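Analysis of the macromolecular model
The primary structure of each chain is shown beneath.
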Amino acid sequence: MYTFLSFDVGGTFVKWGIINEFGEIMEEGAYETPKHYDNFLVKLGETYKKHPHISASAIAVPGVCDLRKGAILYTPNIPYLTGKVIVDDVKTFSDVHCFLANDANMAALGECRFGDENPYENMTLVTLGTGVGGGAVVNKKLFRGNISPCELGHITIVVDGKKCGCGKRGCFEAYCNSKSLQVYFKEIIEKEHNLLPIDIYKLAKDGNVLAKEAFKVFAYYLAHGLANVANIFAPEIIKIGGGLCEMMDMYMDDTMKYFNDLIYPAYKGLVVVEIAKLKNRAGILGGAALCIEKMIDYA
Ligand SMILES: [Zn+2]
């Protein structure tokens, strides 16, 4: 049986798991993300040494990766990782192959292979949280692109629209990250507030008309992003992950109404939109899925 060691590196914690080829998590753990690269490698090395009998390994990082070179090109939340050829550094303490990918892409792969009873051939994951990201599985393989995999959060949904954190205007992320929900509520109540997205959600659940309206605005823009994703990838299913997916009951009906008007007419009714199922284990399971893709499916 194959077993894989999979890491999901976040700004606060590094999660890891030992996962078999059936997607069963045999062992898992987490530790605080080290403050320096030297310590980062030490902790990584310790975890590898504790599990010497793995078949392959994978590391997911929150940033842009060159998958061919195993290099991290840009990680804004963990600056010391930028520029590191992490796959080469892993070779100093492990002989098994290490695959690198962006965390949202890895999560897409995990969700596609292990999120439902049978894997999908074509699935796109859109994650809604502090940022908007995602990844696409095309014909059972992670879509890779030439430079890096796709940047779903930075497709333009409003021409000359709001400024995005990336510097561009009108990005999907600028309209559908968690902060945008707070902004819509502020615009509707016409005053400053300190409410978090979860507070606005609770208000809407309690029937507050203004909070509900904020979710409706959010749904309008989300539908534009999702329809573009559907038109580009023509997937069987789009899954929604990230923190805001927990609030889907407040915006999904409206989103689907707009979505059905915006999707390419011939695709209408053919693309399912659903909540992602693996939650915070999608990343480590995606690492196993990437190892399986490389070592078993296409070996
Ligand atoms: Zn952007």
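Counting restarts for each chain: residues are numbered from 1 in the order of the written sequence. Selection of residues for local features in this predicted model requires a pLDDT of at least 70, selection of side-chain atom pairs for listing and counting requires 80 or more, and totals for whole chains, interfaces and linings are taken over all residues. Processing note: side-chain calculations cover all non-hydrogen atoms of the structure and skip hydrogens and water entirely.

Focus on the packing of helix α3 (residues 103–114) against helix α9 (residues 282–297)
Relative orientation and spacing of two packed helices are given, respectively, by the angle between their axes and the distance between those axes. Using the following cut-off: In this analysis, axes come from line fits to C-alpha atoms, helices being fitted only over the stretch in contact, and the angle between any two N-to-C directions falls in the range 0 to 180 degrees. By the criteria applied, helices consist of DSSP H or I runs no shorter than four residues and strands consist of E runs no shorter than two, each listed in order from the N terminus. Under this scheme an angle from 65 to 115 degrees is roughly perpendicular, one under 35 degrees roughly parallel, and one over 145 degrees roughly antiparallel; angles in between are oblique. Note on contacts: a residue pair is in contact if any heavy atoms of the two residues lie within 4.5 Å. Each residue gets one label: Ala, Val, Leu, Ile, Met, Phe, Trp, Tyr, Cys and Pro are nonpolar, Asp, Glu, Lys and Arg are charged, and the others, such as Gly, are polar.
It is at 7 Å that the axes of α3 and α9 come closest, and there the two elements cross at 75°. Our classification of the angle between α3 and α9 gives roughly perpendicular. On α9, the residues that touch Met-106, Ala-107, Leu-109, Gly-110, Glu-111, Arg-113 and Phe-114 of α3 are Ala-282, Gly-283, Leu-285, Gly-286, Gly-287, Ala-289, Leu-290, Ile-292, Glu-293 and Asp-297. Class assignment for the residues of the contact of α3 with α9 results in nine nonpolar, four polar and four charged.

Some remarks on the environment of His-53
Threshold: Think of it in three bands: residues with accessible area under 20% of the maximum for their type are buried, residues over 50% are exposed, and the middle band is partly exposed, with areas taken using a 1.4 Å probe on protein chains only.
In this structure, His-53 sits in the loop between α1 (37–50) and β4 (56–61). Residue classification places His-53 among the exposed residues on the basis of a relative accessible area of 71%.

Thoughts on the pattern of salt bridges
Pairing between side chains of opposite charge can happen when their charged atoms approach one another. Put simply, the rule reads: Any carboxyl oxygen of Asp or Glu that lies within 4 Å of a side-chain nitrogen of Lys or Arg is treated as forming a salt bridge with it.
Applying the stated criterion across every chain, the model contains eleven salt bridges. Where Lys-239 meets Asp-116, a salt bridge forms, and the shortest distance between an N and an O atom there is 2.5 Å. Residue Lys-239 is located in strand β11 (residues 237–241), and its partner Asp-116 is located in the loop between α3 and β8 (123–128); the two are separated by 123 residues in the primary sequence. Across the salt bridge formed by Asp-116 and Lys-277, the nearest N and O atoms sit 2.2 Å from each other. Remark: Lys-277 occurs in the loop between β12 (272–275) and α9 and Asp-116 occurs in the loop between α3 and β8; sequence separation between them is 161 residues. One connected set of salt bridges, linked through shared partners, spans Glu-111, Asp-116, Lys-239, Glu-274 and Lys-277.

What about the domain arrangement of the protein chain?
Which entries qualify depends on this criterion: A domain assignment, automatic or from a database, supplies the domain bounds used here. Summed over both partners, buried area is the accessible surface (1.4 Å probe) that two parts give up on being assembled. Polar contacts here mean pairs of N or O atoms no more than 3.5 Å apart (in protein, one a potential hydrogen donor and the other a potential acceptor; neighbouring residues in sequence count only if both atoms are side-chain atoms).
Split by domain assignment, the protein chain resolves into domain 1 (3–109 + 280–297) and domain 2 (118–276). Inter-centroid distance (C-alpha atoms) of domain 1 to domain 2 is 27 Å. Domain 1 puts 15 residues into the contact, and the matching count from domain 2 is 19 residues. For the pair domain 1 and domain 2, the summed buried surface comes to about 1,200 Å²; carbon and sulfur atoms form 59% of the total. In this structure, the connection of domain 1 to domain 2 is made through one salt bridge. Its salt-bridge partner being Arg-144, residue Glu-293 comes within 3.1 Å of it at the nearest N-O pair. At the junction of domain 1 with domain 2, the criterion picks out two residue pairs in polar contact (both at pLDDT 80 or more). Of all elements in the fold, only β5 (64–66), α3 and α9 reach the threshold of two or more residues within the side of domain 1 that touches domain 2. Of all the elements, α3 adds the most residues to the side of domain 1 that touches domain 2, at five residues.

What about the side chain of Thr-3?
Relative to the assigned elements, Thr-3 resides in strand β1 (residues 3–9). A residue is classified by how much of its surface remains accessible, and Thr-3, at 16% relative accessible area, is buried. The contact partners of Thr-3, leaving out residues within four places of it in the chain, are Ile-18, Ile-19, Asn-20, His-53, Ile-54, Ser-55 and Ala-56.

Quick notes on the state of the cysteines
Our working definition: Here, two cysteine sulfur atoms that lie within 2.5 Å of each other are counted as a disulfide.
Applying the stated criterion across every chain, the model contains zero disulfides. Among the cysteines around Cys-291, which has no disulfide bond, Cys-98 carries the closest sulfur, lying 8.0 Å off.

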